[in-house]
Amino acid sequence: MYDISIIVPIYNTEKYIEKCLVSLFEQDYDNIEYIFVNDKTMDNSMQILSNVLKRYPNREKHVKIINKLKNEGLGQARKTGFENSTGKYIIHIDSDDWCELDMISSLYSKAKEENADIVCCDYFENYSNKEIYVKQNLKNPIKNSTSLIYKYTLWPMVWLYLAKKDLYKNVEFADFSYAEDNYLTTQLFYCSKKSIHINFGYYHYNRANEHSLTKKYDIQKEIDGLRVLDTKLRIFFKKKNIWERYKSQHFSFIIRSIAPKAKMDFFKAIEEINPDANSVKHIIKDDNLGIIKKAFYSLIFIKMLWLFCLAQDLKTIFKKSKL
């Protein structure tokens, strides 16, 4: 059995994957299992993997390559990797990102030292012309993790977390693309008995990839994604009998996610996602928000409502003028 399984979904990242692979194969820790999931990539990513792997013969016997018959997205690619893993701990890495060479050894050492179920770290956002350090302001051990995810204090990106494989036996992998990380990490932290944060940036999140999902913004896709995420999380919370505890935080998250982007179609977007979220009371009841943020988002909500009502009146006037 390996200490760690690194799961890497691969889909159309030929421009960046070599840097990712080198950073993984040159980790200063040996007992690693590498699982590469070819999610029906349409470029030369797999050939690059083959070429790079030849430069690291000491890693070849620790590598599994799984070729999927069709593209199913990140969530299901991660699931396929998990189902073929044997490591005591799991970490997911995106194939257009890269890691510090002591990332795995540092996270795993901390996990053993603290007997932790999850260990997380800070990260860097890497653009074509700059690098930004992103710090997670967390206290150890991490408590109230679900609230912290909704507060954007605990980032939901799954590649930040080394987690015990046993935790994954109790979670469902996403069968949708938008915010699939949120769904997975919320479940993982709920199952974790002890989660620890390392105050150091080990991961490099590639923001220069013009083809990544985060670059291809589409308001309707976000609405559709939030609707699925909302449904999945409500089912999960209700199953665990914690829905009432997180209800306002959850709906507040939906409002805050869509408000700056939907503009005049804000209320239409909320209705599409979940009509129950269409109330300013969720902002007011959200314990994650301080007074200033509650006032800020409440004013946005009221402004959107006023604009919506004004638009409806103008439509009525316009229709009557046509009679």
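Below or above, wherever it landed, is the structure these notes cover. What you see is a predicted model, and the numbers here were worked out from it, not measured in a lab. (Residues numbered from 1 in each chain as written. Predicted model: local features only at pLDDT ≥ 70, side-chain atom pairs only at ≥ 80, totals over all residues. Heavy atoms only, no water.)

Okay, the overall build of the protein next. When you go through the protein residue by residue, the secondary structure sums to 13 helices and nine strands. Here the C-alpha atoms of the protein give a radius of gyration of 22 Å, agreeing with the 20 Å that 2.2 N^0.38 yields for 323 residues. Expressed along its principal axes, the backbone C-alpha trace of the protein runs to roughly 80 × 40 × 40 Å. A sequence separation of at least 24 residues applies to 77% of the contacts in the protein between residues at least 6 apart. Of the roughly 16300 Å² of accessible surface on the protein, a fraction of 53% belongs to carbon and sulfur atoms. The average position of the 50 basic charges and that of the 41 acidic charges among the side chains of the protein differ by 6 Å. (Helix = DSSP H or I, 4+ residues; strand = E, 2+ residues; numbered from the N terminus. Rg over C-alpha atoms; globule rule 2.2 N^0.38 Å. Contact = heavy atoms within 4.5 Å. Areas by Shrake-Rupley, 256 points an atom, 1.4 Å probe, with all protein chains shown as cover. Lys, Arg positive; Asp, Glu negative; His and termini not counted. Charge placed at Lys NZ, Arg CZ, Asp CG, Glu CD.)

All right, on to unusual backbone geometry then. In this structure, P141 follows N140 across a cis peptide bond, with omega equal to -15°. Tracing the backbone shows P141 in the loop between strand 7 (131–134) and helix 6 (145–150). The residue N12 is not glycine, and still its phi comes out positive at about 55°. For N12, the position within the fold is in the loop between strand 1 (4–10) and helix 1 (17–25). Residue classification places N12 among the partly exposed positions, given a relative accessible area of 26%. Of note, A179 is a non-glycine position whose phi angle comes to about 60°, a positive value. Its place among the elements puts A179 in the loop between helix 7 (165–168) and helix 8 (180–191). Look at A179 and you get buried, because its relative accessible area is 18%. (Buried < 20%, exposed > 50% of the residue type's maximum accessible area, 1.4 Å probe, protein only.)

This next bit is on helix 11 (residues 266–273). Structurally, the α-helix is built with 3.6 residues per turn, so residues lying three or four positions apart point the same way. Among the residues making up helix 11, those that are buried are F266, F267, A269, I270 and I273. Within helix 11, the buried residues cover an arc of 155° as seen down the axis, which keeps them to one side. (Arc of directions from axis to C-beta.)

It is worth spelling out the pattern of salt bridges at this point. Tallying each qualifying case throughout the model produces 16 salt bridges. Residue K164 is joined to D117 by a salt bridge in which the shortest nitrogen-to-oxygen separation is 3.4 Å. Of this pair, K164 sits in strand 8 (residues 161–164) while D117 sits in the loop between helix 5 (103–114) and strand 6 (118–126), and the two are 47 residues apart along the sequence. Under the relative-accessibility criterion, D117 is labelled buried at 10%. Two residues, D230 and R234, come together in a salt bridge whose shortest N-O distance is 3.0 Å. Here the residue D230 and the residue R234 both occupy positions in helix 9 (residues 219–239), the gap between them amounting to four residues, near one helical turn. On the basis of relative accessibility, which here comes to 1%, the residue D230 falls in the buried class. One salt-bridge network, in which partners are shared between bridges, spans K110, E113, E114 and K194. (Salt bridge = Lys/Arg side-chain N within 4 Å of Asp/Glu carboxyl O.)

Attention now goes to the nonpolar core. Membership of the largest hydrophobic core comes to 68 residues, with the highest contact counts inside it found for I6, F25 and Y168. Ignoring any residue separated from it by four or fewer positions in sequence, one finds Y168 in contact with F82, I90, H92, V158, A163, F173, L184 and L188. By size, the runner-up hydrophobic cluster in this structure holds 31 residues, among which are L226, Y246, F251 and A259. (Core = buried A, V, L, I, M, F, W, Y, C linked by side-chain atoms within 4.5 Å.)

Once that is clear, we can look at the packing of aromatic side chains. Using the criterion set out here, one finds 26 aromatic pairs in the structure. Between Y150 and F237 the ring centres are 6.5 Å apart and the planes differ by 55°, which places this aromatic pair in the tilted class. Of this pair, Y150 sits in helix 6 while F237 sits in helix 9, and the two are 87 residues apart along the sequence. Like Y150, the residue F237 is buried in the burial classification. Aromatic side chains Y152 and F253 sit 6.2 Å apart centroid to centroid with 50° between the ring planes, which places their arrangement in the tilted category. Pair noted here: Y152 is in the loop between helix 6 and strand 8 and F253 is in helix 10 (residues 243–262), with a separation of 101 residues, a long-range link. For K19, the ring lying beneath its charged end belongs to W98, and the centroid distance is 3.8 Å. Of note, K130 hangs over the ring of Y127, and the distance from its end group to the ring centre comes to 5.3 Å. (Phe/Tyr/Trp six-rings, centres within 6.5 Å; stacked < 30°, edge-to-face > 60°. Lys NZ or Arg CZ within 6 Å of the ring centre and 35° of its normal.)

Quick look at the side chain of S192 now. Note on placement: S192 falls in the loop between helix 8 and strand 9 (195–206). Reaching out from S192, the side chain makes a polar contact with the backbone oxygen of K194 at a distance of 3.2 Å. When residues no more than four places from it in sequence are discounted, the contact partners of S192 are D117, I118 and L167. (Polar contact = N/O pair within 3.5 Å; in protein donor to acceptor, adjacent residues only side chain to side chain.)

In a regular helix each residue adds 1.5 Å, so twelve residues correspond to 16 Å; helix 5 covers 17 Å between its end C-alpha atoms and thus fits that length. Buried residues of helix 5: M103, I104, S105, S106, L107, Y108 and A111, and no others. Looking one or two residues beyond helix 5, the residue adopting positive phi is N115, at roughly 50°. (Expected span 1.5 Å × (residues − 1).)

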